[in-house]
Amino acid sequence: MKTDSQLQSDVMAELEWEPSVDHAHIGVAVTDGIVTLSGFVSSYSAKLAAENAVKRVKHVRGLAEEIEVRYPSDAKTSDPEIAKRIADMFEWSVSIPQNKIKIKVEHGWVTLSGEVAYHFYREAARDLVSRISGVKGISNLISVKKALSFFDVRDRIVAALKRSADIDASTITVVAEGDTVKLGGKVHASYERKVAERAAWAAPGVNRVEDNILVI
């Protein structure tokens, strides 16, 4: 196990390696394997990129994120302008279902609500909003509509796994309970586990995925 000092160096190196993050304005502290990020970045997407960079580092036990989003003085945007930009981009995007998502903006913080058929739409909406100038944070309250049949959800996931050239579907177990999918079994690489997770999230009505797959 690495010391906190070694882990701090690894995190700082990963932040420096990430091209979408201006690491010069980010502070890194580590206590008992818990990483705390402080400082400021110029956009919410850069804030997410910094968080994801930390999560890629081995032996990180947790993340406390205190980064502030600061915009240049000439780029301040009012809440109504942010809301209009989001609404326009939702209308233009083929990845966002029309008239399904409600938008609320308060002091630069965006709250998304509504109901969609797939988890993919929920994530696509959040990712799109994160790229808009003036957004300081996002509360994603969009829910995924429940599927009509547990068996249909399971069958769709299993079929998707069987179609994939990257995974042996016979080593994966799939259980659908309500809006939750539980994955089990064994794979030989972490990317195979990610393939199974993506297949589960792609099924209609899935709000939660419990990944208990072992990498051996």
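Above this text sits the structure in question.
Quick caveat, the model's predicted, so the values are computed rather than measured.

## Quick look at helix α2 (residues 44-55)
And step 1. With 12 residues, α2 ought to run about 16 Å at 1.5 Å a step, and its terminal C-alpha atoms sit 17 Å apart, in line with that.
And step 2. The element α2 is largely enclosed, with a buried count of nine among its 12 residues.
And step 3. What α2 keeps buried is the set Tyr44, Ala46, Lys47, Leu48, Ala49, Ala50, Glu51, Ala53 and Val54.

## Brief notes about the packing of helix α3 (residues 79-92) against helix α4 (residues 119-130)
And step 1. The geometry of α3 relative to α4 is characterised by a closest axis approach of 10 Å and an angle of 130° between their N-to-C directions. Comparing the axis directions of α3 and α4 gives the class oblique. Our pair here, α3 against α4, has a crossing hand that is right-handed. Residues Ile86, Met89 and Phe90 of α3 pack against Ala125, Leu128 and Val129 of α4.
And step 2. Classifying every residue of the contact of α3 with α4 by side-chain character gives six nonpolar, no polar and no charged.

## Comments concerning the side chain of Lys47
And step 1. Residue position: Lys47 is located in helix α2.
And step 2. Classification of Lys47 by relative accessible area gives buried; the value is 11%.
And step 3. Other than its neighbours up to four places away in sequence, Lys47 contacts Val41, Glu65, Ile67, Val69 and Lys136.

Conventions we followed
Residue numbers restart at each chain and count upward from 1, following the sequence in its written direction. The predicted origin of the model limits local features to residues at a pLDDT of at least 70 and limits the giving and counting of side-chain atom pairs to 80 or more, whereas totals for whole chains, interfaces and linings rest on all residues. Hydrogen atoms and water are omitted, and side-chain values are computed over all heavy atoms in the structure. Helix numbers and strand numbers start at the N terminus; a helix is a DSSP run of H or I with at least 4 residues, a strand a run of E with at least 2. Multiplying 1.5 Å by the residue count of a helix minus one yields the expected span of that helix. Using a 1.4 Å probe on the protein chains alone, a residue whose accessible area is under 20% of its type maximum counts as buried, one over 50% counts as exposed, and one in between counts as partly exposed. With axes taken as lines fitted to C-alpha atoms, and helix axes fitted only over the stretch in contact, angles between N-to-C directions fall between 0 and 180 degrees. By the definition adopted for this analysis, an angle is roughly parallel if under 35 degrees, roughly antiparallel if over 145, roughly perpendicular if from 65 to 115, and oblique otherwise. Left-handed is the label given to a crossing in which the near helix is rotated counterclockwise from the far helix by less than a right angle, and right-handed is the label when the rotation is clockwise. Between two residues, a contact is recorded if the distance between any of their heavy atoms is within 4.5 Å. Charged means Asp, Glu, Lys or Arg here, nonpolar means Ala, Val, Leu, Ile, Met, Phe, Trp, Tyr, Cys or Pro, and polar covers whatever is left, Gly included.

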